[in-house]
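Chain and residue survey
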Amino acid sequence: MASSYGEDASKGALRNGYSALQLRMSPSHRSRVDRDVLLHAKVLKEIRTAPLLLAYFPSREEIDDRPLIREALNAGRKVALPRHIDGDVSLEYRLVESLDGLLPGACGADEPDPRTCPVVGEDQMADAVCLVPGLVFDARGYRIGYGAGYYDNFLKTFHGLKIGLVRALQVSGNPLPIDEHDEPVDLLVSDSAVWQCRREED
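Let me sum up the structure you'll find in this document. In this text, all values refer to a predicted model and were calculated from it rather than measured experimentally.

1. Side note on the sheet that holds strand E3 (residues 91-96)
Across the sheet, seven strands lie side by side as E3-E2-E1-E6-E9-E10-E11; this open sheet has mixed pairing. The outermost strands of the open sheet, each flanked by one partner alone, are E3 and strand E11 (194-196). With direction set aside, neighbouring strand axes in the sheet form an average angle of 25°. Bridge count between strand E1 (residues 52-54) and strand E2 (residues 78-84): three bridges; the pairing is parallel.

2. Some remarks on the environment of Phe 57
With respect to the helices and strands, the residue Phe 57 is situated in the loop between E1 and helix H4 (66-74). For Phe 57, a relative accessible area of 14% corresponds to the buried category. Taking the C-alpha atoms as reference points, Phe 57 and Leu 99, separated by 42 residues in sequence, lie 8.9 Å from one another. Look past the residues within four positions of Phe 57 in its chain and what remains in contact with it is Glu 62, Arg 66, Leu 81, Leu 99, Leu 102, Ala 109 and Asp 110.

3. Overview of the pattern of salt bridges
Scanning the entire structure with this criterion turns up 10 salt bridges. A salt bridge links Arg 66 to Asp 64, with the shortest nitrogen-to-oxygen separation between them at 2.8 Å. When its relative accessible area of 26% is taken as the criterion, Arg 66 is described as partly exposed. A residue is classified by how much of its surface remains accessible, and Asp 64, at 26% relative accessible area, is partly exposed.

4. Regarding the nonpolar core
Within the largest apolar cluster, 49 residues are counted, with the highest numbers of intra-cluster contacts made by Leu 54, Tyr 93, Leu 131, Phe 154 and Leu 165. Counting residues per element, this core draws most heavily on strand E6 (residues 128-132), at five residues. With near-sequence residues (within four places) excluded, Phe 154 lies in contact with Leu 54, Ser 90, Leu 91, Tyr 93, Met 125 and Cys 130. Membership of the second largest hydrophobic core comes to five residues, among which are Leu 14, Tyr 18, Ile 144 and Leu 176.

5. Regarding the packing of aromatic side chains
A complete count under the given rule lists two aromatic pairs for this structure. When the ring of Tyr 93 is compared with that of Phe 154, the centres are 4.8 Å apart and the planes differ by 50°; the resulting orientation is tilted. Of the two residues, Tyr 93 sits in strand E3 while Phe 154 sits in helix H6 (residues 150-155), which places them 61 residues apart along the sequence. Taking the relative accessible area as the measure of exposure, Tyr 93 reaches 1% and is therefore buried. The interplanar angle of 25° and the centroid separation of 5.5 Å between the aromatic rings of Phe 154 and Phe 158 together place this pair among those described as stacked. The exposure class of Phe 154 is buried, given its relative accessible area of 6%. The structure contains a cluster of three or more aromatic residues connected by ring pairs, namely Tyr 93, Phe 154 and Phe 158.

6. Some thoughts on the side chain of Arg 140
Within the fold, Arg 140 resides in the loop between strand E7 (136-137) and strand E8 (143-144). A polar contact of 2.7 Å, which involves the side chain of Arg 140, links it to the side chain of Asp 138.

Analysis parameters
- Residues numbered from 1 in each chain as written.
- Predicted model: local features only at pLDDT ≥ 70, side-chain atom pairs only at ≥ 80, totals over all residues.
- Heavy atoms only, no water.
- Pairing = 2+ DSSP bridges.
- Helix = DSSP H or I, 4+ residues; strand = E, 2+ residues; numbered from the N terminus.
- Axes fitted to C-alpha atoms, helices over the stretch in contact; angles between N-to-C directions.
- Buried < 20%, exposed > 50% of the residue type's maximum accessible area, 1.4 Å probe, protein only.
- Contact = heavy atoms within 4.5 Å.
- Salt bridge = Lys/Arg side-chain N within 4 Å of Asp/Glu carboxyl O.
- Core = buried A, V, L, I, M, F, W, Y, C linked by side-chain atoms within 4.5 Å.
- Phe/Tyr/Trp six-rings, centres within 6.5 Å; stacked < 30°, edge-to-face > 60°.
- Polar contact = N/O pair within 3.5 Å; in protein donor to acceptor, adjacent residues only side chain to side chain.

In structure tokens:
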């Protein structure tokens, strides 16, 4: 969907506009669109074969990736979910064996229990694929989330494959405004297509 906001729109305006746009989707329409996103994601080799999947627990308008999590766990692959680090604007990923036993998190999403879920080691991150939610993405892979900066701070140090899960209506036809700390994803998986993100330095 081409953004009607233009390149000079602020992140706040884009955040409010795309959040409202998604809230106007009917539950049945949202369900159909998200099902198609997951169908594309499930056949993507990078997701299907990743030895470690860094997923997220959906909250607010985010695409529900729990079917991907369950499929990976049933196949015997490792899955980790993010936990907000107290006193820091960053994430740590902890291994989970199921979606049971999660705890309410600081930002509305359930998180792994730090008492029972070990932190993913740096050596394990090398072969990981990270699923990244967002409110709006552009063709370069840049995104606007909810403004806290947790994902950007984590992605700055993550060198594996970064995949954005996105509804087609969340893809801006115009480049998004970006700041120095913003980190793009490598691939976008939507209900209509899967494509490699292209940036000026590519």
